[in-house]
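# Coordinate analysis (summary)
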Amino acid sequence: TNPHLKDIDWQLNAVTGIPDQDGWIKLGRESHLMIRCLYADIKQFDKLDASIIRIGQNIIELSDSEGQSISPSPNLSSRMVTVKATYKCRISPFEFGIAIGKQLQSINVSTPPTLGDRRPLLIKDTSVVGYSLSFQGLRPEESLVLQTCGLGGRRKIGCGVFVAQSAQSAEAIN
């Protein structure tokens with residue numbers, strides 16, 4: 001791994017592919033690994049161009065990277081947002097809503113989110129639970145701050161990362 005990637009703020013935006021029944025994503029020639037970072041840090045990821053990485057017994061070849069700026073969108077969604085549970089390892093929708101409300105207040109986002117499906121995630125031997133979240137009718141500055149900062153934790157594995165959606169697809173994610 002690139003030791004410098006630990007020192008910068010980045011988020012795994014998405015890995016495109018076809019999900020299978022075992023929780024894996026089948027990759028093809030059109031699959032993409034999307035990472036969100038500050039423009040000043042993008043050079044750190046250039047070092048991954050044309051790299052070969054191993055995930056378990058699978059080998060993946062990365063091609064050249066290309067950059068793209070975020071832009072305001074009134075509708076954003078995240079497939080899974082996680083927060084730390086204060087009681088045991090399960091988090092109720094109520095406790096999740098309180099934690100998200102505090103984070104939204106700290107980044108000055110007043111548009112209320114729509115809570116979606118409960119989503120489990122297995123990380124090593126630990127089960128983590130989160131929820132999908134979507135926003136509709138965001139002001140431009142709210143949209144940019146959510147795309148830049150995200151919500152919750154585990155953004156380096158794709159949780160809490162918000163992407164632009166049409167109103168219909170934001171509802172479908174939930």
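Residues numbered from 1 in each chain as written. Predicted model: local features only at pLDDT ≥ 70, side-chain atom pairs only at ≥ 80, totals over all residues. Heavy atoms only, no water.

The secondary structure content of the chain amounts to four helices and 10 strands. What you see in the chain, going N to C, is helices and strands ordered as β-β-β-β-α-β-β-β-α-β-β-α-β-α. Looking at the chain as a whole, 31% of its 174 residues qualify as buried. Put simply, 63% of the contacts in the chain that link residues at least 6 apart link residues at least 24 apart. (Helix = DSSP H or I, 4+ residues; strand = E, 2+ residues; numbered from the N terminus. Buried < 20%, exposed > 50% of the residue type's maximum accessible area, 1.4 Å probe, protein only. Contact = heavy atoms within 4.5 Å.)

Our focus in this paragraph is the sheet that holds strand β7 (residues 76–81). The sheet built from four strands is open, its strands ordered β8-β9-β7-β10 with antiparallel pairing. For this open sheet the edge positions go to β8 (114–123) and β10 (163–164), each flanked by a neighbour on one side alone. Bridge count for β7 against strand β9 (residues 126–135) is four bridges, and the pairing is antiparallel. When the bridges of β9 are listed, V81 appears paired with Y131. In the packing of helix α2 (residues 93–106) onto the sheet, contacts are made with β7, β8 and β9, and the angle to β9 comes to roughly 60°. (Pairing = 2+ DSSP bridges. Axes fitted to C-alpha atoms, helices over the stretch in contact; angles between N-to-C directions.)

So, about the nonpolar core. Judged by nonpolar contacts, the single largest core of 16 residues is most densely connected at F96, I100, F135, L146, L151 and F162. For this core, the secondary-structure elements that each account for two or more residues are β7, α2 and β9. Setting aside anything within four residues of it in sequence, one finds F135 in contact with P74, N75, L76, L104, V109, T111, P112, P113, L146, L151 and F162. (Core = buried A, V, L, I, M, F, W, Y, C linked by side-chain atoms within 4.5 Å.)

Scanning the model with the defined rule gives two salt bridges in all. Its salt-bridge partner being R139, residue E141 comes within 2.7 Å of it at the nearest N-O pair. Judged by its relative accessible area of 37%, R139 falls in the partly exposed class. Residues joined in a network through salt bridges with shared partners are R139, E141 and E142. (Salt bridge = Lys/Arg side-chain N within 4 Å of Asp/Glu carboxyl O.)

Quick look at helix α3 (residues 140–149) now. Among the residues making up α3, those that are buried are E142, S143, L146 and Q147. Around the axis of α3, the buried residues are gathered within 125° of arc, so they sit on the same side. A positive phi of about 70° marks G150, the residue just after α3. (Arc of directions from axis to C-beta.)

The next subject is the side chain of R119. Summarising the element assignment, R119 is placed in strand β8. No salt bridge is formed by the buried R119; the nearest opposite charge belongs to D117, separated by 4.5 Å. Looking at R119, its side chain comes within polar contact range of the main-chain oxygen of R79, at 2.8 Å. (Lys, Arg positive; Asp, Glu negative; His and termini not counted. Polar contact = N/O pair within 3.5 Å; in protein donor to acceptor, adjacent residues only side chain to side chain.)

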